[in-house]
Amino acid sequence: QLLLLSSRLCIRLTIKNTMYHSNIVMFTLAIIFSVAFAGPPNYNCSSYPANTFEPIILRNGKLEARFIRYGAHMTHMLVPDKTGIIRDVALGWDNTTEYCASPNYCFFGATVGRIANRIANGTFNFNGKTYHTPLNDHGRDTLHGGYVGFNRRVWEVLQQNESSVTFGLRSPDLEEGFPGTLVINVTHSLTADNTWVLDYEAIAESPAVLAMTNHVYFNLNANVNNTPTVLEHTLQLPTATKFVEVDEYLLPTGVIGDVTNAKQLDFTSAKPIGRDINEGTVTPKGGYDNAFVFKGWTPNSMLQDVAILSSPMTGISVTMSSNQPSVQVYTGNFLNGTDPTTRIQRKKSQSFGPDPQYYHWRGACTLEAQLFPDAVHHPNFPTMGLKEGERYVQKTQYSFTAA
């Protein structure tokens with residue numbers, strides 16, 4: 001049985017005089033359209049219970065992972081390098097309230113949902129009805145579940161031991177405009193073979209859409225010697241023979257391309273991330289923010305090795321395995337270590353020397369296992385829909401080695 005944390009929003013109106021009827025009509029219309037057109041809310045970060053931002057620490061003898069209840073964020077991943085020195089390979093903040101309060105929030109280590117990635121125009125049809133979701137990505141589309149996605153909810157800790165924690169959440173019908181009520185569990189475990197395992201489970205209490213991921217930003221150098229980027233990291237996606245074609249706004253066109261026709265996207269053999277990155281098309285300066293499609297995937301696919309990311313500097317490698325059909329690779333195209341208004345200071349575990357240091361452009365690589373972006377608009381993509389009573393199961397794991 002899935003346990004859950006319930007959250008409710010109550011809006012009460014008291015009408016004392018009929019002269020206000022026209023205002024009430026306008027207010028009602030505002031409520032109806034606020035999901036799609038409202039700006040970011042005040043997150044009131046100081047109003048949460050004290051343990052919302054307290055670290056939850058998992059250990060297995062070699063690895064250490066830290067989480068917080070807010071957004072079920074993973075804040076640290078500590079891994080031994082080839083010399084045995086412990087390195088923190090995940091970007092984030094030392095002050096955990098910044099996962100709520102930072103004006104430069106960028107999903108570091110977030111649990112993402114309802115729908116990972118983008119939904120064009122923040123509107124879609126499901127089961128014969130039209131739904132509107134927040135336009136939280138430059139006013140054009142919905143990104144990672146909207147303004148108050150799962151990354152902005154406070155999750156309940158359902159179970160915890162030395163090496164595992166289970167977070168629970170209830171997502172009600174029309175939360176951020178999405179259809180269906182869901183009861184969700186996400187379990188993080190550290191295994192004896194130095195693997196971080198993510199098990200996602202959900203039950204749809206009514207017809208719903210769901211597509212989750214974790215948005216950890218990896219830098220396997222851990223910024224040793226102030227190395228700013230991951231361009232010398234090698235990446236291999238051995239079965240990613242295809243990719244989801246996107247337009248200038250990173251929205252899928254519906255076409256599944258072949259990497260043989262786009263050499264910059266061909267990682268079927270290992271190569272440095274920086275080799276072809278400037279030929280990427282996701283920004284005017286290149287970069288990667290692409291969904292790579294795994295050959296041979298079916299809805300019943302079991303766990304398979306799909307990505308290997310390695311740092312020649314530290315010797316740390318991570319192998320990602322998943323039962324999902326694609327991985328979103330993002331190379332920190334919008335991190336900026338020089339602009340005082342947008343730069344994010346590195347954690348102490350990733351800083352070397354007395355002066356403040358910052359996360360830089362192309363300073364990380366994400367490996368986000370997920371369904372295809374914007375699948376609600378493309379019937380040729382794997383479905384995000386769940387029937388009433390249907391169970392959602394997603395499993396992804398990251399195995400660490402050093403040599």
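The structure under discussion appears in the preceding block.
Note that this is a predicted model, so its numbers are computed, not measured.

Draft legend 1. Looking closely at the pairing of strand S25 (residues 365–370). Summarising burial for S25: 6 of the 6 residues are buried, a large majority. Of the two faces of S25, the one lined by Cys365, Leu367 and Ala369 and the one lined by Thr366, Glu368 and Gln370 are each fully buried. Inspection of the sheet shows strand S16 (residues 217–218) paired to S25 by 2 bridges, in the antiparallel sense. In the sheet register, Phe218 faces S25, and the bridge partner there is Cys365.

Draft legend 2. Representation of the nonpolar core in the model. One finds Met77, Trp196, Leu367 and Phe400 to be the most contacted residues of the largest nonpolar core, which totals 60 residues. At 5 residues, strand S13 (residues 195–204) tops the list of elements feeding residues into this core. When near neighbours in sequence (up to four residues on either side) are disregarded, Phe400 contacts Leu63, Met77, Val79, Val89, Asn194, Trp196, Phe218, Ile316, Ser317 and Val318. Tyr43, Ala116, Tyr147 and Ile344 belong to the second largest nonpolar core, which has 25 residues in total.

Draft legend 3. Region of interest: the sheet that holds strand S17 (residues 234–236). Read across the open sheet, the 9 strands follow the order S10-S11-S12-S13-S27-S23-S22-S17-S20; overall the sheet is antiparallel. Of all the strands in the sheet, the pair left with one neighbour each is strand S10 (156–161) and strand S20 (271–272).

Draft legend 4. Fine view of empty space enclosed by the protein. In total, this model carries 2 cavities of 30 Å³ or more according to the counting rule given. Size it by volume and the largest cavity reaches roughly 50 Å³. In this structure, the largest cavity is lined by Asn117, Arg118, Val244, Val246, Leu250, Asp289, Asn290, Ala291, Gln328 and Pro373. Put simply, the parts of the chain that give the lining of the largest cavity at least two residues each are strand S18 (242–246) and strand S21 (289–293).

Draft legend 5. Structural view of the packing of aromatic side chains. Applying the stated criterion across every chain yields a total of 20 aromatic pairs. On the numbers, 5.0 Å between centres and 25 degrees between planes, the contact of Trp196 with Tyr398 is stacked. Residue Trp196 is located in strand S13, and its partner Tyr398 is located in strand S27 (residues 391–402); the two are separated by 202 residues in the primary sequence. The exposure class of Tyr398 is buried, given its relative accessible area of 2%. Ring centres 5.4 Å apart and planes at 75 degrees place the aromatic pair Phe267 and Tyr288 in the edge-to-face group. Taken together, the residues Phe267 in the loop between strand S19 (252–258) and S20 and Tyr288 in the loop between S20 and S21 connect sequence positions 21 residues apart. Per residue, the accessibility class of Phe267 equals that of Tyr288, and both read buried. Ring pairs connect the aromatic residues Trp93, Tyr99, Tyr105, Phe107, Phe108, Tyr217, Tyr330 and Tyr359, which therefore count as one cluster. One cation-aromatic arrangement involves Lys271 over Phe267; the distance from NZ or CZ to the ring centre is 4.6 Å.

Draft legend 6. Here's a closer look at the sheet that holds strand S24 (residues 326–330). Pairing within the open sheet is antiparallel, and its 6 strands lie in the order S16-S25-S24-S21-S18-S19. The two strands at the open ends of the sheet, each matched to only one other strand, are S16 and S19.

Draft legend 7. A look at the pattern of salt bridges. Inspection of the entire model under this criterion finds 12 salt bridges. The network of salt bridges with common partners includes Arg59, Glu64 and Arg66.

Draft legend 8. Expanded view of unusual backbone geometry. Look at the link from Gly113 to Arg114: it is a cis peptide, with omega at 0 degrees. Here Arg114 is to be found in the loop between strand S5 (111–112) and strand S6 (118–120). At Ala222, a position not held by glycine, the phi torsion is positive, near 55 degrees. With respect to the helices and strands, the residue Ala222 is situated in the loop between S16 and S17.

Draft legend 9. Spotlight on the state of the cysteines. Taken as a whole and assessed by the stated rule, the structure comprises 1 disulfide. The partner cysteine of Cys45 in its disulfide is Cys100, sulfur to sulfur 2.0 Å. In this structure, the disulfide formed by Cys45 and Cys100 twists by about -85 degrees around the S-S bond and is classed as left-handed. Taken together, the residues span a long stretch of sequence, with Cys45 in the loop between helix H1 (21–37) and strand S1 (56–59) and Cys100 in helix H2 (residues 98–101) at a distance of 55 residues. What makes Cys100 buried here is its relative accessible area of 2%. Here Cys106 is not disulfide-linked; the sulfur of Cys100 is the nearest cysteine sulfur, at 14 Å. Counting only cysteine sulfurs, Cys106 is the nearest neighbor of Cys365, a cysteine outside any disulfide, at a range of 14 Å. For Cys365, a relative accessible area of 0% translates into the label buried.

Calculation rules
- Residues numbered from 1 in each chain as written.
- Predicted model: local features only at pLDDT ≥ 70, side-chain atom pairs only at ≥ 80, totals over all residues.
- Heavy atoms only, no water.
- Buried < 20%, exposed > 50% of the residue type's maximum accessible area, 1.4 Å probe, protein only.
- Helix = DSSP H or I, 4+ residues; strand = E, 2+ residues; numbered from the N terminus.
- Pairing = 2+ DSSP bridges.
- Core = buried A, V, L, I, M, F, W, Y, C linked by side-chain atoms within 4.5 Å.
- Contact = heavy atoms within 4.5 Å.
- 1 Å grid on protein atoms, 1.4 Å probe; cavity = no way out; pocket = protein on both sides within 12 Å on 5 of 7 lines; lining within 4 Å.
- Points joined across faces, edges and corners; volume = space filled by probe spheres on them.
- Phe/Tyr/Trp six-rings, centres within 6.5 Å; stacked < 30°, edge-to-face > 60°.
- Lys NZ or Arg CZ within 6 Å of the ring centre and 35° of its normal.
- Salt bridge = Lys/Arg side-chain N within 4 Å of Asp/Glu carboxyl O.
- Disulfide = S-S within 2.5 Å.

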